[in-house]
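# Coordinate inspection notes
Each chain is listed here by its residues.
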Amino acid sequence: MTALHQKQSSDHELTVDETLRILVDADLVSRGIAEQAKSSLTDEDERHPFVQLSETGLRRGANGNPLRGIDAVGRAFAGAVSLEYVRIDPLKIDVEAVTAIVSQAYAQRFNFLPIQVNDNEIVVATGEPFLRGWESEVERIAQAPIRRVLCNPEDIARYRYEFYGVSRSISGATSQSDQPGSFINNFEQLTELGEVGEADTNDRHVVHLVDWLLQYAFDQRASDIHIEPRRDQSNIRFRIDGVLHLIHQLPTAVVNGITSRLKSLGRMDVADKRRPQDGRIRTKTPGGNEVELRLSTMPTTFGEKLVLRVFDPEKLTQPFSALGFTKHDLQLWQAIVEQPHGIVLVTGPTGSGKTTTLYSALKMLARPEINVCTIEDPIEMVEPQFNQMQVQASVEIDFASGVRTLLRQDPDIIMIGEIRDRETADVAIQAALTGHLVLSTLHTNDAPSAVTRLVDIGVQPFLIGATLLGVVAQRLVRTLCQGCTKDGKPSDEAWRELIAPHTAQLPTQVKLPVGCDDCRHTGFRGREGIYEILTLTDDLSELITPDVNTQTLRSAALQDGMRPLALSGAQKIANGKTTIEEVLSVVPNQR
């Protein structure tokens, strides 16, 4: 047995010298690069070798790719010592199960973290491949074999603190809820005298769980947080890139305490659990950026369901290209919204990004000499540059009366949250006729349908032709993770379904999803918009009559140069941004 293997067989912590020696012996790093990396480090640095070496510019071979980041160094080392390297995905961890294996003190002492428990084995993440003295003890306690995997040591420390902290808070909140005198208010409650109650809103365990939940949601890029009560174990789910993920299952008593805590923070009536309520919270992300949360409760069979929508102000400062606008789209959009007066409509289903598009446009237009006023239901995000008013039925403020009020406030630009009825549409048109730029939303499938919708609710066609500047229909599509795509050939049948009856050349090669740690093996990371922009020309205005037909208007708009949603999606497919199937899942059937 060589000296190296003798040292590896003993129980010890990994050092920088040993890490470099193993990488060199495995021909993963040249000796010269290793010596250069070692010379840039100091003996006083007590961080893990993976962390230190990730900052030295270490690269594979003499002229290979740099090992950027801790994970790259860890993966290379794992291959050299024949261990699997994993990234901890907190969304897939059963916190209660993994923290029940050993205590936090024991896991911290030997620098590991259980990350998976099943009938056959326990998977344990460690940054110390040669520290094995704990294995036999843990196997005896858990009565299951151990499978070790290498992992980012900083992730291990972070999630060990979070997981055990959450586990303690759940246990503490559950114990507190067992105290007599509290109760669960649901329609399907089992009568169990002297048992489960509701955790106190101000209990320190509940406070910690709420703080963890919000920070966790920000860290995972969640757009919505769903807290759903059930009879015994309730669900917490995050919507990430448009898809819901089950995050945690907690005792219903604890979830009720979390809901009450969030309602209190949102200045809602904590005692009233029988009617829907709305609220908002302004807080900060782990990076220190301010974020707004919009809260909505709904009474259900087992208690109050709470949904929190996350609004990140940073998205408002993004350029339109980051939202998915092509150069052609942006030119059309700017030409529309930079008009001095008229109506601009944004259409699409709930969750299609209409609010972000409108706020981004207002942000672009807002200047010290411009008075921007909004009437919303509710105010999606507080913006200091706007004068914002909220619809309040209790004091008879609706969209129509709100616009009338705004017209007396010397506005230049008015944003109406949604045109829902003829009265609102009429005051919007009057505002446009009197020299104001009006932006609003409608719920229609495509851009031409917005015109027929206005006619259907009773707006005079000649007024639509005189005031409507343009309509933008939009959808959000998931974008491919740029770290794990592969080349592939497009499906002729799917492509023809997407572009029919339009004309677009079939690309010879497209990008396909693969899946990696960064995208949680979905193949997608983030979302972008696809757009259909109708600019109302004189020829199109002449077609707006009391019996206007959507298909006729659409055909004329296409001849006039409008690019439909399907072709906008096709362009993103050809550019390697998304897939045919993803676009087909969101565009309406327009044949």
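Residues numbered from 1 in each chain as written. Predicted model: local features only at pLDDT ≥ 70, side-chain atom pairs only at ≥ 80, totals over all residues. Heavy atoms only, no water.

## Focus: the overall build of the protein chain
Looking only at helices and strands, the protein chain has 23 helices and 18 strands in total. Burial analysis of the protein chain (591 residues in total) assigns 52% to the buried set. Residue pairs in contact within the protein chain that sit at least 24 positions apart in sequence constitute 64% of those at least 6 positions apart. Computed over 61 positive and 79 negative side-chain charges, the inter-centroid distance for the protein chain is 2 Å. (Helix = DSSP H or I, 4+ residues; strand = E, 2+ residues; numbered from the N terminus. Buried < 20%, exposed > 50% of the residue type's maximum accessible area, 1.4 Å probe, protein only. Contact = heavy atoms within 4.5 Å. Lys, Arg positive; Asp, Glu negative; His and termini not counted. Charge placed at Lys NZ, Arg CZ, Asp CG, Glu CD.)

## Some words on the pairing of strand E3 (residues 146–150)
A large share of E3 lies buried, amounting to 4 of its 5 residues. Of the strand pairs in this sheet, strand E2 (residues 122–126) and E3 are connected by 5 bridges, and their pairing is parallel. Residue Val-124 lies in a different strand from E3, and its bridge partner there is Arg-148. Once you follow E2 into helix H8 (residues 135–142) and on to E3, the crossover reads as right-handed. (Pairing = 2+ DSSP bridges. Right-handed = clockwise from strand over helix to strand, strands pointing away.)

## Thoughts on the environment of Lys-577
The residue Lys-577 is located in the loop between helix H22 (565–574) and helix H23 (580–584) in this model. Distance from Lys-577 to Gln-482, taken between C-alpha atoms, is 8.5 Å for residues 95 residues apart in sequence. Excluding residues within four positions of it along the chain, Lys-577 makes contact with Arg-478, Thr-479, Leu-480, Glu-528 and Lys-572.

## Section: the nonpolar core
In terms of nonpolar packing, the biggest core is built from 59 residues, with Phe-238 and Leu-262 touching the most fellow members. Considering every element that reaches this core, the biggest residue donor is helix H10 (residues 204–219), with 9 residues. Those residues within four positions of Phe-238 in sequence are excluded, and the remaining contacts are Leu-91, Leu-213, Tyr-216, Ala-217, Gln-220, Ala-222, Asp-224, Ile-225, Val-243, Leu-244, His-245 and Ile-247. (Core = buried A, V, L, I, M, F, W, Y, C linked by side-chain atoms within 4.5 Å.)

## Brief notes about the confidence of the model for the protein chain
Counting all residues, the mean pLDDT for the protein chain is 86, and 91% of those residues have values of 70 or more. Predicted confidence is poor over residues 180–197, with pLDDT under 50, and the contacts of this stretch with residues over four places away or in other chains come to 26 contacts. (pLDDT = per-residue confidence, 0-100.)

## Observations regarding the layout of surface pockets
Put simply, the second largest pocket is a space of about 630 Å³. Around the second largest pocket, the lining comprises 23 residues; the ones closest to its centre are Asp-278, Gly-279, Arg-280, Pro-378 and Gln-390. Elements with a contribution of two residues or more to the lining of the second largest pocket: strand E7 (277–284) and strand E8 (290–300). The biggest single contributor to the lining of the second largest pocket is E7, with 6 residues. Within the lining of the second largest pocket, the residues separate by chemical class into 8 nonpolar, 6 polar and 9 charged. (1 Å grid on protein atoms, 1.4 Å probe; cavity = no way out; pocket = protein on both sides within 12 Å on 5 of 7 lines; lining within 4 Å. Points joined across faces, edges and corners; volume = space filled by probe spheres on them. Nonpolar A, V, L, I, M, F, W, Y, C, P; charged D, E, K, R; others polar.)

## Regarding the packing of H10 against helix H11 (residues 252–265)
Working note: a packed helix pair is described by the angle between its axes plus the distance between those axes. Where H10 contacts H11, the axes come no closer than 9 Å and their chain directions differ by 75 degrees. Classed by the angle they form, the pair H10 and H11 counts as roughly perpendicular. Packed against H10, whose contacting residues are Val-206, Val-207, Leu-209, Val-210, Leu-213 and Leu-214, the element H11 presents Val-254, Gly-257, Ile-258, Arg-261, Leu-262 and Leu-265 at the interface. Looking at the contact of H10 with H11, its residues break down into 10 nonpolar, 1 polar and 1 charged. (Axes fitted to C-alpha atoms, helices over the stretch in contact; angles between N-to-C directions. Parallel < 35°, antiparallel > 145°, perpendicular 65-115°, else oblique.)

## Observations concerning the packing of helix H2 (residues 16–25) against helix H3 (residues 31–39)
Put simply, H2 and H3 touch, their axes get as near as 10 Å, and they point 165 degrees apart. Put simply, H2 runs roughly antiparallel to H3. Viewed along their axes, H2 and H3 form a crossing whose handedness is right-handed. On H3, the residues that touch Val-16, Asp-17, Leu-20 and Val-24 of H2 are Arg-31, Ala-34 and Lys-38. (Left-handed = near helix turned anticlockwise from the far one by under 90°.)

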